Amino acid sequence: MLNIKSLSYHYKPKRNILWNINSDLQPGNIYGLLGLNGEGKTTFLKLIVGMLLPKDGTIEYNGHLSIERCPEYLNDVYFLPDYSKLPDLGIEQFGKLYGAFYSKYDHQQFLDCIKEFSIPTENKLKALSLGQHRKVHLSFALACNSAVLLMDEPTNGLDIPSKAIFRKLLSKYINENRIFLIATHQIRDIDALLDHLLIMKNGSLVLDKNIYQLSNQFKISKSPSDAENALYVQDDLAGPFYLVKNNSGEEAKLDIEFLFNAFTNNPKPIEL
Ligand SMILES: Nc1ncnc2c1ncn2[C@@H]1O[C@H](COP(=O)(O)OP(=O)(O)OP(=O)(O)O)[C@@H](O)[C@H]1O
């Protein structure tokens, strides 16, 4: 379990970016991390991987704290940033050289991912387009087999078919020992795969909940009879949509973009 306790961070004193964040991320789950621009998602991921150190609170995985920056922790947590700038090497050479830093790196898995993305492995990295570069980086990130894989806008630069391949690879390589945490604005690229939703607002988590629980708790309705009890109303071209309590006892189909709007736009906090 990745355990985050009372985590706070600021770049400049008196301007908190993250404030008293608490969360326990469980293996076997794909987490979606959502928030408006500048809410602190990248900062949060950098804190988890240990590139930034908490001003307050702790981040712990498997008995090790992020601030220790010990080999065991760094081997278990891989961070894919929102841009990919890989060294000027051949693809195979890159995998072998950098994979050596990760004890669970699987070179064949790296090559399999590259093949899925239809990139010839004999290529040099500098000869690749932006999107192809990203695919190599994604393949490497997955093949490191770190217990915690943090991805910042992983689908940046991917074309539409490649996004489907990325989804296929995520579902292939998630397992009961791994946590995938994905910060994205492109929620439609991954929404079907998410097990758990984290939504950030004003430096805090306003939602930290399993999707299954959410779909038992809430539903989205178009029925005017639900207007009165709506927790949130969103007007769009097809008319108003209401977020209401789900009392049906059945799982509702939720739209994550709608939920995001409900938890970030609503003047009143939505009770969970
Ligand atoms: N190195 C830095 N020095 C000072 N302030 C920073 C630094 N990096 C980020 N910030 C500020 O911290 C806040 C959070 O930034 P961060 O990049 O974590 O947000 P984000 O949620 O990832 O944003 P986006 O969705 O736009 O990528 C922003 O107000 C940003 O201006």
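This is a predicted model, so every value here is computed, not measured. (Residues numbered from 1 in each chain as written. Predicted model: local features only at pLDDT ≥ 70, side-chain atom pairs only at ≥ 80, totals over all residues. Heavy atoms only, no water.)

*Asks:* Just checking my understanding: could you explain the nonpolar core for this structure?
*Replies:* The nonpolar side chains of soluble globular proteins are, as a tendency, buried together. Judged by nonpolar contacts, the single largest core of 56 residues is most densely connected at F110, V136, L170, F180 and L197. Every residue in contact with L197, bar those within four places of it in the chain, is listed here: G32, L34, L207, D208, K209, I211, L214, I256 and L259. In this structure, I4, L47, L52 and F79 belong to the second largest nonpolar core, which totals 30 residues. (Core = buried A, V, L, I, M, F, W, Y, C linked by side-chain atoms within 4.5 Å. Buried < 20%, exposed > 50% of the residue type's maximum accessible area, 1.4 Å probe, protein only. Contact = heavy atoms within 4.5 Å.)

*Asks:* Just checking my understanding: could you explain the UniProt feature "domain: ABC transporter" (unreviewed entry) in the protein chain for this structure?
*Replies:* Per the UniProt record, "domain: ABC transporter" (unreviewed entry) is annotated on residues 2-227. Structurally, residues 2-227 comprises 31% helix and 30% strand, and the distance from its first C-alpha atom to its last is 40 Å. (UniProt positions renumbered as here; feature names shortened; annotations may be inferred. Helix = DSSP H or I, 4+ residues; strand = E, 2+ residues; numbered from the N terminus.)

*Asks:* I'm lost on the packing of aromatic side chains in this one. Help?
*Replies:* A ring pair, where both rings are aromatic, is described by two values, the distance of the centres and the angle of the planes. Taken as a whole and assessed by the stated rule, the structure comprises 13 aromatic pairs. Between Y78 and F140, the aromatic rings sit 5.9 Å apart at their centres with planes inclined by 65°, giving edge-to-face as the arrangement. Here the residue Y78 occupies a position in strand 6 (residues 77-80), and F140 occupies one in helix 5 (residues 130-143), the gap between them amounting to 62 residues. Classification of F140 by relative accessible area gives buried; the value is 2%. Aromatic pair Y102 and F140: ring centres 6.3 Å apart, planes at 80°, arrangement edge-to-face. Of this pair, Y102 sits in the loop between helix 3 (91-99) and helix 4 (107-116) while F140 sits in helix 5, and the two are 38 residues apart along the sequence. What links up through ring pairs into an aromatic cluster is the set Y78, F94, Y98, F101, Y102, Y105, F110 and F140. (Phe/Tyr/Trp six-rings, centres within 6.5 Å; stacked < 30°, edge-to-face > 60°.)

*Asks:* Is there a simple way to explain the site of the ligand in this structure?
*Replies:* Around the ligand, the neighbouring residues are Y11, R15, I17, L36, N37, G38, E39, G40, K41, T42, T43 and H185. R15 is positioned such that a nitrogen or oxygen atom in its side chain is 3.3 Å from an oxygen atom of the ligand. At 2.5 Å from an oxygen atom of the ligand is found a side-chain nitrogen or oxygen belonging to T43. The fraction of the free accessible surface of the ligand (630 Å²) that becomes covered by protein chains is 60%. Elements represented by at least two residues in the shell around the ligand include exactly strand 2 (15-25) and helix 1 (41-49). Along the lines of polarity and charge, the residues of the shell around the ligand split into 3 nonpolar, 6 polar and 3 charged. (Near = heavy atom within 4 Å. Polar contact = N/O pair within 3.5 Å; in protein donor to acceptor, adjacent residues only side chain to side chain. Areas by Shrake-Rupley, 256 points an atom, 1.4 Å probe, with all protein chains shown as cover. Nonpolar A, V, L, I, M, F, W, Y, C, P; charged D, E, K, R; others polar.)

*Asks:* I tried to follow a nonpolar patch on the surface on my own but got confused; where do I start?
*Replies:* Side chains of L97, Y98 and F101 sit close together on the surface and give an oily, nonpolar patch of about 330 Å² of accessible area. Tracing the sequence through the fold places F101 in the loop between helix 3 and helix 4. The exposure class of F101 is exposed, given its relative accessible area of 63%. (Patch = residues over 30% accessible without salt bridge, like charges linked within 9 Å, V, L, I, M, F, W, Y side chains within 5 Å. Salt bridge = Lys/Arg side-chain N within 4 Å of Asp/Glu carboxyl O.)

*Asks:* What's the story with the state of the cysteines in this structure? I'm lost.
*Replies:* Such a bond, covalent and formed between the sulfur atoms of two cysteines, is termed a disulfide. Per the counting criterion, the structure on display carries 0 disulfides. C70 takes part in no disulfide bond, and the closest cysteine sulfur, belonging to C144, lies 17 Å away. A residue is classified by how much of its surface remains accessible, and C70, at 13% relative accessible area, is buried. For C144, which is in no disulfide, the shortest distance to another cysteine sulfur is to C113 and amounts to 11 Å. (Disulfide = S-S within 2.5 Å.)

*Asks:* When you look at the sheet that holds strand 5 (residues 64-65) in this model, what are you seeing that I'm missing?
*Replies:* Within a beta sheet, neighbouring strands are joined by backbone hydrogen bonds and run either parallel or antiparallel to one another. The strand order across the open sheet built from 4 strands is 2-1-4-5, with neighbouring strands paired in antiparallel fashion. Of all strands in the sheet, those bounded by a partner on one side alone are strand 2 and strand 5. The pairing of strand 1 (residues 2-12) with strand 4 (residues 56-61) spans 5 bridges and is antiparallel. Paired with L2 across the bridge in strand 4 is Y61. In the packing of helix 1 onto the sheet, contacts are made with strand 1, strand 2 and strand 4, and the angle to strand 1 comes to roughly 120°. (Pairing = 2+ DSSP bridges. Axes fitted to C-alpha atoms, helices over the stretch in contact; angles between N-to-C directions.)

*Asks:* Explain the pattern of salt bridges here, please?
*Replies:* Oppositely charged side chains are able to pair whenever their charged atoms sit close together. All chains considered together, the criterion is met by 8 salt bridges. Residue K163 pairs with D189 through a salt bridge whose shortest N-O separation is 3.3 Å. Separated by 26 residues along the polypeptide, K163 in helix 6 (residues 160-173) and D189 in the loop between strand 8 (179-183) and strand 9 (196-201) bring together distant segments of the chain. For the pair K163 and D189, a shared accessibility class is recorded, and that class is buried. Ionic pairing is found between D255 and R188, a salt bridge with its closest N-O pair at 3.1 Å. Placement of D255 in the loop between strand 13 (239-245) and helix 8 (256-265) and of R188 in the loop between strand 8 and strand 9 is noted, with a sequence separation of 67 residues between them.

*Asks:* Hey, could you run me through the domain arrangement of the protein chain in this one?
*Replies:* How big an interface is tends to be stated in terms of accessible area lost as the parts join. Assigned domains within the protein chain: domain 1 (2-202) and domain 2 (211-265). For domain 1 versus domain 2, the distance between C-alpha centres works out to 30 Å. The interface is formed by 13 residues belonging to domain 1 together with 9 residues belonging to domain 2. Summed over both partners, the interface of domain 1 with domain 2 buries about 950 Å², with 70% contributed by carbon and sulfur atoms. If you sort the residues of domain 1 by the area they bury against domain 2, R188, L197 and I199 come out on top, with a joint share of 43%. A salt bridge links E257 to R188; the shortest N-O distance between them is 3.5 Å. Our count for the domain 1 to domain 2 interface comes out at 4 residue pairs in polar contact (both at pLDDT 80 or more). (Domains from an automatic or database assignment. Buried area = accessible area lost by both parts, 1.4 Å probe.)

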